[in-house]
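# Fold and geometry: a report
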Amino acid sequence: MSLFKARDWWSTVLGEKEEFDQGCLCLADVDNTGNGQDKVIVGSFMGYLRIFNPHPVKTGDGAQAEDLLLEVHLRDPILQVEVGKFVSGTEMLHLAVLHSRKLCVYSVSGSLGNVEHGTQYQIKLMYEHNLQRTACNMTYGSFGGVKGRDLICIQSMDGMLMVFEQESYAFGRFLPGSLLPGPLAYSSRTDSFITVSSCRQVESYKYQVLAFATDADKRQETEQQKLGSGKRLVVDWTLNIGEQALDICIVSFNQSASSVFVLGERNFFCLKDNGQIRFMKKLDCSPSCFLPYCSVSEGTINTLIGNHNNMLHVYQDVTLKWATQLPHIPVAVRVGCLHDLKGVIVTLSDDGHLQCSYLGTDPSLFQAPKVESRELNYDELDIELKELQKIIKDVNKSQGVWPMTEREDDLKVSAMVSPNFDSVSQSTDVEVGADLVPSVTVKVTLQNRVALQKIRLSVYVQPPLVLTCDQFTFELMDRNPEGIPRVSQCKFRLPLKLICLPGQPSKTASHKLTIDTNKSPVSLLSLFPGFANQSEDDQVNVMGFRFLGGSRVTLLASKTSQRYRIQSEQFEDLWLITNELIIRLQEYFEKQGIKDFACSFSGSMPLQEYFELIDHHFELRINGEKLEELLSERAVQFRAIQRRLLTRFKDKTPAPLQHLDTLLDGTYKQVISLADAVEENQDNLFQSFTRLKSATHLVILLIGLWQKLSADQIAILEAAFLPLQQDTQELGWEETVDAAISHLLKTCLSKSSKEQALNLSSQLSIPKDTSRLKKHITLLCDRLAKGGRLCLSTDAAAPQTMVMPGGCATIPESDLEERSVEQDSTELFTNHKHLIVETPMPEVSPLQGVSE
């Protein structure tokens, strides 16, 4: 977006639904008045020729009737208009109009009228040439150094140059290797025609070479590329620019030097007249037209470049000097002297917007109104501020603008899990080891009370569970009047047998947990009726579980005390059975009418086992970074060797390969091997992250039982420890969890205002090691053990003076300043609470035998 807009001096719109291109605009004193005032000549593809003499009464006026000097319909499409000395015997300027099959030269003159209408203009056909080939464009000049007259060269669509010496046809020549015509220009200093071929190279042909080469009319059409009688047509010089050209212009400093400007699709080039590059400029936007002209600074050239962003840029050589906004996309631009105003920029769009403008700025006439001065009543302002703060606080407490019941009634989502597995499993992986992978159907019902515009359902399950479809969109006819997005959610439990089978109990295990209750033990057969093993006689107090893939968990109920023990060889495997045991015990006693049932955990917190999983996950992340870095280095080496080999193969006198082929083959094998290692590490990282999440769920469960935390406090812990659904190298679990725990230790679990004053950095990056994270997790458990409680209200930021026995060390400032989270405490946990569960009828099946 430009800071300045082109100042509209005069503008008009030509015709209706007419089309124009870069050759349709010309500025010249076509009626030979001799006063140095240019006229604007415009031709259209509809065959209309118009000549304007703009003279607005004030800046920005539109076209008046007297501004249009002449309008005539020539019937044939007008490809290009030029003004020059095209008639023999006179040096007066005449107008050349190029049609697709005809070249016409007119004289334009005006005669004084006898009435008040003023001067009347008319055109007179001086001569015309009927073309045997379809024309593309033309150029003119004093070919061969003739004096006092201009010759015309027309390029046909099949690459033939046709030269006309005013009223007579001179000769025609085919350009060698021509496929499609390009822009054409004539350099008077070198007496050469310059074009850009379909091979994307600038080519220069001397006029004398063209004149003495084989006549195109004497050759057969099938032998255009062969040598015939006469001299061979050879190119003077070529330059490969690597892109198609839009236009070519020749600008002369003086008689001793000139420059060839070529506008490409992405760059514009300035060449010396011998084909060497003087300079080039890469353009930021796609250009549409350009016009080079001499600068007031000696040795430099100014260039106007229009682009498809409605911009007009002014360059001095390669330096951008000015940028201005246009009301249209220009396809042609010219500079002239109109109505004694020099340097007027005339632009034409493809749909006929013709504008004469100048560069500059207009002063702003807006003045801010004076404000009535009055004394401020600070007491009233304080009262108003307190009222507004109270309103904001009440809104935040209500957690929304609308009542929750009203929003929930608008759309109800319910899910029902089929009691039986599908007869034919819908799983993509039919087997995990020796176990068949089952699938179950979940039916989701939507009930809406009001008309809704668009409903989108999403379903999410924890890995390793997968879905046959997780996204659905329902379009309804009526629109929601407010147009405000709302969220409804529901949760459902999947059967344990989906990923777990009856197994053989184990008497010994590496990891054990004991859950205390306040009620007598319940028979495990009544809690887990679907996991009875016929081979075991005594399953009242002992039951075995086996996950898909082979992991085993044993559940024991004490005969004498109110305890249950869960044990397994893998620490992370304990969570699912422990969580299922607590849920089923609560459901069992609720059915019995017992409401005071409670579970607790009195053992030591298994942080060491948890930290081992964290270290393993972090080690895989570091290993992944190293592998990706090494893979990047080998890829760079591979491309460098390829470039070397390509250079050797392209050389006309090839040099020995010097074992580059062997080095290329070895590097390729290393790249493949490293890519396989990266994929393997990613698979291991995914499985490690799944195990880490299972262990995290277990730790949160144990902390809740240990400190008897409420549901809201457990939700805060889950949001802090499980903020990510996916783990990536850019944003990993370790740094995210560390920032969240640091925030809790700084706010609701802080001991003093000094800790609250510590600022956390706003950047998350992978840490050097996990020692800081493990220290913060240990400190979190210590603060909770000494009376700290978790909350998200703003009042919780105050120092906690409650029961916090001595001996609880504060967090070092240097530690807390290392990490942070950009969001406030409310935003930190929002994403976890909005897990949207939506699907009509998905199939759920486990992907692999991981305990979560």
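Presented here is an overview of the structure given in this document.

Conventions used here
- Residues numbered from 1 in each chain as written.
- Predicted model: local features only at pLDDT ≥ 70, side-chain atom pairs only at ≥ 80, totals over all residues.
- Heavy atoms only, no water.
- Pairing = 2+ DSSP bridges.
- Helix = DSSP H or I, 4+ residues; strand = E, 2+ residues; numbered from the N terminus.
- Axes fitted to C-alpha atoms, helices over the stretch in contact; angles between N-to-C directions.
- Expected span 1.5 Å × (residues − 1).
- Salt bridge = Lys/Arg side-chain N within 4 Å of Asp/Glu carboxyl O.
- Buried < 20%, exposed > 50% of the residue type's maximum accessible area, 1.4 Å probe, protein only.
- Contact = heavy atoms within 4.5 Å.
- Patch = residues over 30% accessible without salt bridge, like charges linked within 9 Å, V, L, I, M, F, W, Y side chains within 5 Å.
- Areas by Shrake-Rupley, 256 points an atom, 1.4 Å probe, with all protein chains shown as cover.
- Lys, Arg positive; Asp, Glu negative; His and termini not counted.
- Charge placed at Lys NZ, Arg CZ, Asp CG, Glu CD.

## Structural notes on the sheet that holds strand E5 (residues 48–52)
The sheet built from four strands is open, its strands ordered E3-E4-E5-E7 with antiparallel pairing. Every interior strand has two partners, whereas the edge strands, strand E3 (25–28) and strand E7 (68–73), have only one. Strand-to-strand twist in this sheet, taken as the mean axis angle between neighbours without regard to direction, amounts to 15 degrees. Sheet topology places strand E4 (residues 39–43) next to E5; four bridges connect them, and they run antiparallel. Its bridge partner lying in E5, Val42 is registered against Arg50.

## Examining the sheet that holds strand E18 (residues 201–206)
Taken in spatial order, the four strands line up as E16-E17-E18-E19 in an open sheet, and their pairing is antiparallel. Across the chains shown, the open sheet's two edge strands, defined by having one partner strand only, are strand E16 (184–187) and strand E19 (237–240). On average, adjacent strands in this sheet sit at an angle of 20 degrees to one another, irrespective of strand direction. Here E18 runs beside E19; their pairing, made up of four bridges, is antiparallel. By the bridge assignment, Ser204 is partnered in E19 with Trp237.

## Considerations on helix H11 (residues 771–785)
In an α-helix there are 3.6 residues to a turn, and that puts residues three or four apart on one side. Between its terminal C-alpha atoms H11 stretches 21 Å, which fits the 21 Å expected from 15 residues at 1.5 Å a residue. Gly787 sits one or two positions beyond H11 and adopts a positive phi of about 105 degrees.

## A short note on the pattern of salt bridges
Oppositely charged side chains can form a pair if their charged atoms are brought close together. Taken as a whole, this structure holds 22 salt bridges when the rule is applied. Arg50 is the salt-bridge partner of Glu71, the closest N and O atoms lying 3.2 Å from each other. Of this pair, Glu71 sits in strand E7 while Arg50 sits in strand E5, and the two are 21 residues apart along the sequence. Accessibility expressed as a relative area gives 4% for Arg50, which makes it buried.

## Details of the environment of Asp236
Summarising the element assignment, Asp236 is placed in the loop between helix H1 (207–212) and E19. Take Asp236: its relative accessible area is 39%, and that puts it in the partly exposed class. Other than its neighbours up to four places away in sequence, Asp236 contacts Ser204 and Lys206.

## Some words on helix H9 (residues 733–746)
Its 14 residues give H9 an end-to-end C-alpha distance of 20 Å, which sits within 8% of 20 Å, the value for a rise of 1.5 Å per residue. For H9, the buried fraction is high: 14 of the 14 residues fall into the buried class.

## A short note on a negative patch on the surface
Taken together, the side chains of Asp379, Glu380, Asp382, Glu384 and Glu387 define an acidic patch exposed on the protein surface. Its place among the elements puts Glu380 in helix H2 (residues 378–398). The exposure class of Glu380 is exposed, given its relative accessible area of 52%.

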